[in-house]
Structures are given as C-alpha cells and as structure tokens.
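Breakdown of the fold
These are the residues of each chain, in order.
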Amino acid sequence: MRDMTTSAPEPRTISTIGVIGLGTMGAGIAEVFARNGYAVVGVEQNDEALARGRQYLEHSTGRAVKREKMTAEEQAELLGRITFSTALKDLADADFVIEAVVESIDVKKGIFRELDAIVSPDAILATNTSSLSVTEISTANSSPGRVIGVHFFNPAPVQNLVEIVRTVVTEQSVLDEVKALVEALGKNPVVCGDKAGFIANTLLFGYLNHAVSMYEGRYATREDIDAAMRFGCGYPMGPLALLDLIGLDTAYEILETMYRQGRDRLHAPAPILKQMVTAGMLGRKTGRGFYTYEGPDSPTVVADDRTPSADGQPQLKHDIKQVGVVGTGTMATGIVEVFAKSGYDVLYVGRSADKVDGVVAAITKSFDKQIQRGRSTEEAKAEVLGRLTGSTSLDDLEDVDLVVEAIAEDLKVKTTLFENLDEICKPGAILATTTSSLPVIACAQATKRPQDVIGMHFFNPAPIMKLVEIVSTVSTDEDVTETTRALVAKIGKVGVSCADRAGFIVNALLFPYLNDAVKMLEAHYATADDIDLAMKQGCALPMGPFELLDVVGNDVSLAIQRELYLEFREPGFAPAPLLEHLVTAGYLGRKTKRGFRDYSQR
Ligand code: CAA
Ligand code: NAD
C-alpha cells in the first residue's frame, strides 16, 4: 500500500483503460474513453457476451457516422483503440480499470479480489455500481484506498454527469486523479459519499418505483404515465420507458439495495418488477419490458396487445360548440386563449368588468408578442379576439356546451360555483374543473349531475404546455370522459386519463421527488448546486429540483406535498421540515426573490 503520510505522490499517467462488462453501461463507457483517445481493453465473461458488446459499440458509433457526427475513418480509429478479451489477465497493463458488470455485490467483489493479482499496484480501480456499497466492494481488494466509485449515466456517451463516490478510505490522490480523468472526458464530476443510490438514483428511483406502482394499480396506462411526465414536465422520456432503457433487472437491484439500506417503503421494488425480471422482460436489452421493441437492444417501440388501437380514437359524443370559462386569472386566461385559437366561441365570466377586460388585454399582449416574433398575424389576432365574449354574470353560461372553471383553489369556493353551474347550465353540458389538487368528486357532488362533471387539469402556461390530465371520478359518465379526451386532442393538446386521486399523475410523481431533494439537502449529503447538476446532466431533466421549486413557489409545493401526505398517509411523503421553514420565513422562491437561492441581485 502507498504511504499516505508523505507529500503528494506524482500523478499517474493514465493511458490504458480496462472496462469489465460490455453491457448497456460498459459498452458506452468503453466508447467514451476510446472517443477521447484512450486505449481500451474490454473484458466480458464469454465469447457470446463479448460479441454482443462489440456489436453495441459498432452500432452506437455507426449511428454517429450515419448522423454525420463522425466519419467512417474516425469510427474505424475509435474501434481500433479497443481490444476485446474474455480474460481479466489482459488488464495487466491498465492504469485505470472500471467494472460495469451486473449489480451484484458478490460478482463485483469477486472481480476486485481477482484484480489484485493482475493489475499493477498503482492502477486505480473503479466501480460503476449504481447503488452498492463502494466501501464493501473495496474491501475485496488488498488496497481499498485505490478503489473509487465512478458512476456514469445511461447512455454513457450522452449524459454529461459522472458521480464520483469516495469512501472513507479512498486516497485523496486517487480522487484528484479520477476527477481530472472525468474532466478530460468532457464530463462533469460531482463528488459524493458512499450511500446507496448516491445523488441521482436516490432521487430518481423513488419516482420510477412510484410510476411502476401507478401502472401496476391500473391508475393510468403506460402511455399516459409516460406522456404525463414528458408533456407535463418536459422530461426527455417517461418513467416506464426510462426503466426499459435502464434495464429492469438493474433497476430492481438498485431499489432492493436502497430499500435494504434506508428501509424506506417507497423504495421497496413494486412487485410487478420482480415478476417482469423473472419472466425475462428486462427492457430494451431483451426486446421487451413495459413496452415491446423491434428486437433485443432496439430503441424502437412496436405495437403489442396493450397498445391503444388506432380505431379506438375517442369521439365527441357530446356536441361542443360554445365553451364557457369561469375565472380571469393566469390559468383561465390561458384556457380561454387555447379554446379560442382552436376555433371555439368562448364565453368567459369574471367577477368584475376590470377583470373581464384584463383577459382581453392579456390575450392581446400574448398575440402581440407572437406577431413580433413572426409567429402570428394581426388577422389571426382579430379572429381570435372576435370569438371572445366576456361577462360578469354566470347566468350567461346557460347555453354553453362545456364549462371549464379555473377559479381559486379553495374547495368551498369551487363547490359553491358548481352548485350555481348546476342551476344555470343546460342539461348535458359538461362541467369541468381545472383544480390541481382538490377532489373532483367533491365538485361533482355539489351538483345534481355528477355524471357530467370531470377534471381537466391544464398546465401553466396553458397556451404552451401540451398536457391536459383528464380526471374521471367514480361517477363520471364514460361518454363525458370520451368527449373530453376527443376535445383535448382537437385543441392540439395531449390528454392523459387518470382517476380522481390527489396529485393525479404529474404532481403525484413530481412533488415527492422534489421533497426528497429537499430532504437530501437538509441531510447535508449534497449541495443544491450538485443536486441540480446531477438531475440535469445525469437524467437530462430540463431543470434541477431546486431551480424548479423556486419557480413553482415553495408555498405551492408545500401545499401540494401536504395534500399528497394527507391522502396517501405515506410517511415518506411528509413535507421536508426545511420546506416548511422556508415557507414560514417567506422564502417562497423567485416570486419573493429568495427561496433555495437568492435572486435579489439578479
Ligand atoms: N448510446 C449512445 N448514444 C445514444 C444512445 C445510446 N444508447 N441513445 C441515444 N444516443 C444519442 C444519439 O445518437 C443522439 O446523438 P446526436 O445528438 O449526437 O446525434 C442523441 O443521443 C439523441 O438521441 P435520439 O435523437 O435518438 O433520441 P432522444 O433525443 O430522444 O434522446 C436519450 C434519447 C438520450 C435516451 C434521452 O431521451 C435522454 O436523455 N433520456 C433520459 C435518460 C436518463 O434519464 N438517463 C439516466 C438513467 S439513470 C442512470 O443512468 C443511473 C443508474 O444508475 C441507473
Ligand atoms: P447489463 O446487464 O446490461 O450488462 C452487464 C454485463 O456484464 C453483461 O454484458 C454481462 O455479460 C457482463 N458480466 C457479468 N459478469 C461478468 C464478469 N464476471 N466478467 C465480465 N463481464 C461480466 O448491465 P448494465 O445496465 O450495463 O449495468 C452494469 C453496471 O452499471 C451495474 O453495476 C449497474 O448498476 C450500473 N449502472 C447501470 C446503469 C443503467 O442505466 N443500466 C446506469 C449506471 C450504472
């Protein structure tokens, strides 16, 4: 073992890289190193697996050539830097070895034990484990000080984050050199301690597991769960498609390890995961997981018996000509704009003439901005404004075919409105609420026609956000649900259907994840900057959790988290004390110029 008491040792020269396991991750990692000019020795357990690993590499670099991101010569050069082997002893000359074999502590320890007799005493040994204890893996080697976690994200050539996991015995020089190595690859390192799941997976897998439970409980279809997160939050892929990319066997092991370490019920793998793994439905790698793919290792989804049939498109079972909107706030104004732009006559009702005029002013402003950018015309503006009729009397809604209310998020206020709508609107009119957290059934019960009441949860800003959650209660008529689905498609939005539970799909999946990020910060495991970076660059999310919380508002987030906790009584959903304290202190986010970050100087 090196003497750690003397002055800093000379940095190693790292030129040859060993990669053990050329599966989903190993092949990607080998590609990243080879792209950056390193000589790579890739080791697999047998010839068949080796051939598959080589194929991954040829396929991935071939795609880059097809997209003209790389020339055929560069591809040949890159592949020429990689040698393939089935014998660990071929790693004898490697300066840095990273293993990316199955997520099993025994297999990994076996490899680190064997490496002892193979590599030079100076070589750095890394594991790409997603959740297992790097410390425990390191104890299998006679020099645990040179063992470190180097956690790439999937697909490794694309995601720019690498979590570097230092154990209590990792030598400082090893950490420094690995950091420099990761930077030389053009990736961003984040250093964290050895805790199951590290930063990103700790936050990601609770969310993924929750999505699987929703699917398993038939709360929504796989397509709707995935579309909800893509179109509601701008995620690059939905949670179930992501699990197929990660691999369900790997995901199961990660959850299992996280559960064993933290005993958080929310990390106990959803039972269906185990069933799918047992059935060999491992995701893209076996051609079948939550979705069915063209073949093993293909990213192309093909139709299967769960794919909604093209003939089964929802129809407008109710005739919708005139739409009523109640409210004049941000959401109501956006909804008025959306319907009017889709060619509907819209009658909207506000509490005062000023508020009613404000809607026209806001829509005019929104059009002017689009006209300035060349995205709309004065004629289109005039046409849309010509479809609007403002009123201060609910009685004017007597002839509309659909009413969407977007008034204060207060159950008493909403139920009173529904009582009124029940008296005013013609029979058969659909009565919709755009509540984001209140029970739709309570609005329905305020009327004598609960079968006509439904949730239409638009996202802010409504003219831009594509998603609408269509929330049917236990009383909603099927024709009403179908008509609403058809209507949502007609106005150019993506509709997803779900039942009437707190948070519907998006908020129920999003806010516990944000809350978990706050708990991680509170526990001083990582900084807000590192957590934001990890989620943006490891999982390609458009915003980090703290950036998003400050935009949404901590008061709003706390209220939603409380609703979720009250409905599901899940201890893991209890709002993080830090979130409560920030709200008490008035640090609500960007709107008060201070939240998780200080915006007073910006
Ligand atoms: N290998 C290499 N490159 C790939 C790739 C793969 N498997 N899949 C896609 N790419 C490349 C494409 O070649 C393309 O490159 P260029 O821009 O240079 O042409 C680029 O990525 C975009 O690909 P596509 O246009 O085909 O598809 P897309 O834009 O839909 O992106 C995606 C696909 C990169 C997978 C994107 O959807 C994404 O980032 N999804 C989120 C993935 C994620 O969350 N990963 C983290 C998982 S958790 C984890 O890794 C930790 C763990 O321990 C489990
Ligand atoms: P995978 O199943 O796609 O690949 C594992 C590969 O290791 C297989 O090709 C297998 O043949 C090979 N292998 C198994 N035992 C071996 C041995 N003794 N010697 C040599 N090769 C051996 O799994 P994966 O998704 O690539 O995961 C690999 C590691 O990376 C795991 O620790 C996983 O937790 C971690 N990881 C996975 C992801 C992901 O999204 N899949 C992301 C980051 C980290």
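Here we come to the overall build of the protein. Across its full length, the protein holds 22 helices and 18 strands. Relative to the globule expectation of 25 Å for 602 residues, the C-alpha radius of gyration of the protein, 27 Å, shows essentially globular dimensions. By principal-axis analysis of the C-alpha atoms, the protein measures approximately 85 × 55 × 50 Å. Scored against the burial criterion, the 602 residues of the protein give a buried share of 54%.

One recurring pattern in soluble globular proteins: nonpolar side chains tend to sit buried together. Residues Phe290 and Leu397 are the most contacted members of the largest nonpolar core, which totals 124 residues. Broken down by element, this core gets its largest block of residues, eleven residues, from helix α18 (residues 506–522). With residues up to four places along the chain from it excluded, the contact list for phenylalanine 290 reads Val212, Tyr215, Arg222, Leu240, Leu243, Asp244, Leu248, Leu273 and Met276.

What follows covers the site of ligand 1. Around ligand 1 there are 23 residues in total, and Arg63, Ser130, His151, Asn154 and Asn201 lie nearest to it. The side chain of glutamine 159 places a nitrogen or oxygen atom 3.0 Å from an oxygen atom of ligand 1. Separating an oxygen atom of ligand 1 from a side-chain N or O atom of asparagine 201 is a distance of 2.7 Å. Bound to the protein, ligand 1 loses 71% of the 1,000 Å² it would expose on its own. Those elements that provide at least two residues to the shell around ligand 1 are α2 (47–66), α7 (200–216), α9 (239–246) and α19 (528–539). The residue inventory of the shell around ligand 1, partitioned by class, reads 13 nonpolar, seven polar and three charged.

On to unusual backbone geometry. Excluding glycine, residues mostly have negative phi values, and the peptide bonds linking residues are mostly trans. Omega for the bond connecting asparagine 154 with proline 155 falls within 30 degrees of zero, at -5 degrees, which places this linkage in the cis form. Looking at the element boundaries, proline 155 is found in the loop between β6 (147–152) and β7 (161–165). With omega at -5 degrees, the peptide bond leading from asparagine 460 into proline 461 counts as cis. Mapping proline 461 onto the fold places it in the loop between β16 (453–458) and β17 (467–472). Here the phi dihedral of arginine 218 falls at roughly 55 degrees; this positive angle occurs in a residue that is not glycine. Relative to the helices and strands, arginine 218 is located in the loop between α7 and α8 (222–233). Taking relative accessible area as the criterion, arginine 218 reaches 74% and is therefore assigned exposed. Residues other than glycine seldom take positive phi values, yet aspartate 297 does so here, at roughly 70 degrees.

Quick look at the sheet that holds strand β11 (residues 322–326) now. In spatial order, the strands read β13-β12-β11-β14-β15-β16-β17-β18; together these eight strands make up an open sheet with mixed pairing. Two strands in the sheet have a free side with no partner beyond their single neighbour: β13 (388–391) and β18 (494–499). Shown here is a sheet whose adjacent strand axes are inclined to one another by a mean of 25 degrees, direction ignored. In the sheet, β17 pairs with β18 via six bridges, with the strands oriented parallel. Residue pairing in the sheet places glutamate 469 in a bridge with valine 496 of β18.

Another point: the site of ligand 2. Glu44, Glu103, Lys108, Ser130 and Ile246 are the nearest of the 24 residues found near ligand 2. Between ligand 2 and the protein, one listed contact pairs an oxygen atom with a side-chain N or O atom of asparagine 154 at 3.0 Å. Side-chain polar atom of lysine 285 to an oxygen atom of ligand 2: 3.0 Å apart, as the coordinates give it. In the complex, 88% of the free accessible area of ligand 2, which totals 830 Å², lies under the protein chains. Only α1 (24–35), α4 (105–115) and β6 provide two or more residues apiece to the shell around ligand 2. Tallied by class, the residues present in the shell around ligand 2 amount to ten nonpolar, ten polar and four charged.

All right, on to the packing of α7 against α19 then. One can describe the packing of α7 onto α19 by two numbers: an axis separation of 9 Å at closest approach and a directional angle of 65 degrees. One finds that α7 runs roughly perpendicular with respect to α19. Judged by the sense of rotation from one axis to the other, the crossing of α7 with α19 is right-handed. Side by side, α7 and α19 meet where Ala200, Leu203 and Leu204 of the first sit next to Ile531, Ala534, Met535 and Cys539 of the second. Of the residues that constitute the contact of α7 with α19, the class distribution is seven nonpolar, no polar and no charged.

Looking at the secondary structure, you find threonine 61 in helix α2. Of the polar contacts made by the side chain of threonine 61, one reaches the side chain of glutamine 75; its length is 3.0 Å. Those residues in contact with threonine 61, other than ones at most four positions away along the chain, are Glu31, Met70, Gln75, Leu78 and Leu79.

Our next topic: a negative patch on the surface. Among the surface-exposed residues, Asp395, Asp396, Glu398 and Asp399 lie close enough to one another that they form a single negatively charged patch. Mapping aspartate 395 onto the fold places it in the loop between β13 and β14 (402–405). Judged by its relative accessible area of 49%, aspartate 395 is partly exposed.

Side chains of Lys365, Lys369, Arg373 and Arg375 sit close together on the surface and give a patch of like positive charge. Its place among the elements puts lysine 365 in helix α13 (residues 353–372).

The domain boundaries assigned to the protein delineate domain 1 (16–193), domain 2 (200–303), domain 3 (322–499) and domain 4 (514–592). Domain 1 and domain 3 are separated by 53 Å when their C-alpha centres are compared.

What follows covers the pattern of salt bridges. This structure, assessed with the given rule, holds 30 salt bridges. The partner of lysine 381 in a salt bridge is aspartate 368, and the shortest N-O contact between them spans 2.8 Å. Here aspartate 368 lies in helix α13 and lysine 381 lies in helix α14 (residues 378–386), a separation of 13 residues in the sequence. Classification of aspartate 368 by relative accessible area gives partly exposed; the value is 32%. A single salt-bridge network, built from bridges that share partners, covers Glu99, Glu103 and Lys108.

It is worth spelling out the environment of leucine 394 at this point. Residue placement: leucine 394 occurs in the loop between β13 and β14. Separated by 167 residues in sequence, leucine 394 and alanine 227 have C-alpha atoms that sit 35 Å apart.

Turning to the environment of alanine 380, a few remarks are in order. In this fold, alanine 380 is placed in helix α14. Relative accessible area serves as the criterion here: at 28%, alanine 380 is assigned to the partly exposed category. For alanine 380 and phenylalanine 367, which are 13 residues apart along the polypeptide, the C-alpha to C-alpha distance reads 8.6 Å.

Before going further, it helps to spend a moment on α9. In terms of burial, α9 is a largely internal element, eight of the eight residues being buried. Among the residues making up α9, those that are buried are Pro239, Leu240, Ala241, Leu242, Leu243, Asp244, Leu245 and Ile246. Each element contacted by the buried residues of α9 is listed here: α1, α7, α8, α10 (248–262) and β9 (292–293).

What counts and how
Counting of residues starts from 1 at the beginning of each chain's written sequence and follows it residue by residue. Think of it this way: whatever chain is written first is A, whatever ligand is written first is 1, and the rest follow in order. Per-residue local features are limited, in this predicted model, to residues with pLDDT of at least 70; the limit for side-chain atom pairs, both in listing and counting, is 80 or more; totals at the level of whole chains, interfaces and linings are taken over all residues. Computation of side-chain values covers all heavy atoms of the structure but excludes hydrogens and water. Under the scheme used here, helices are H or I runs from DSSP no shorter than 4 residues and strands are E runs no shorter than 2 residues, and both carry numbers assigned from the N terminus. For this measure, only C-alpha atoms enter the radius of gyration; the expected value for a globule follows 2.2 Å times N^0.38, where N is the number of residues. Each residue's exposure class comes from its accessible area (1.4 Å probe, protein chains only) as a fraction of the maximum for that residue type: buried when under 20%, exposed when over 50%, partly exposed otherwise. Remark: nonpolar core denotes a set of buried residues (Ala, Val, Leu, Ile, Met, Phe, Trp, Tyr, Cys) joined through side-chain atoms within 4.5 Å. The contact rule is simple, with two residues in contact once any of their heavy atoms fall within 4.5 Å. Near is defined per residue: the residue qualifies when any heavy atom it owns lies within 4 Å of the molecule or strand. Side-chain atoms alone can form a polar contact between residues adjacent in sequence; in general such a contact is a pair of N or O atoms within 3.5 Å, and within protein one must be able to donate a hydrogen while the other accepts it. Methods summary: accessible areas were calculated by the Shrake-Rupley approach with a probe of 1.4 Å, and residue burial reflects only the protein chains presented. In this classification, Asp, Glu, Lys and Arg are treated as charged, Ala, Val, Leu, Ile, Met, Phe, Trp, Tyr, Cys and Pro as nonpolar, and every other residue, Gly included, as polar. Here the rule is simple: two strands pair whenever DSSP picks up at least two bridges between them. Between the N-to-C directions of two axes lies an angle of 0 to 180 degrees, each axis being a line fitted to C-alpha atoms and, for a helix, fitted only over the stretch in contact. Comment on the angle field: the value is read as roughly parallel under 35 degrees, roughly antiparallel over 145, roughly perpendicular from 65 to 115, and oblique elsewhere. Left-handed describes a crossing whose near helix is turned anticlockwise from the far helix by less than a right angle; the clockwise case is right-handed. Surface patches are defined over residues having more than 30% relative accessible area and no salt bridge, joining like charges when they lie within 9 Å and nonpolar side chains (Val, Leu, Ile, Met, Phe, Trp, Tyr) when within 5 Å. Between Lys or Arg on one side and Asp or Glu on the other, a salt bridge is scored when a side-chain nitrogen of the former is within 4 Å of a carboxyl oxygen of the latter. None of His or the chain ends enter the tally, which takes Lys and Arg as positive and Asp and Glu as negative. Lysine's charge is taken at NZ, arginine's at CZ, aspartate's at CG and glutamate's at CD. Segment limits for the domains were obtained from an automatic or database-derived domain assignment.

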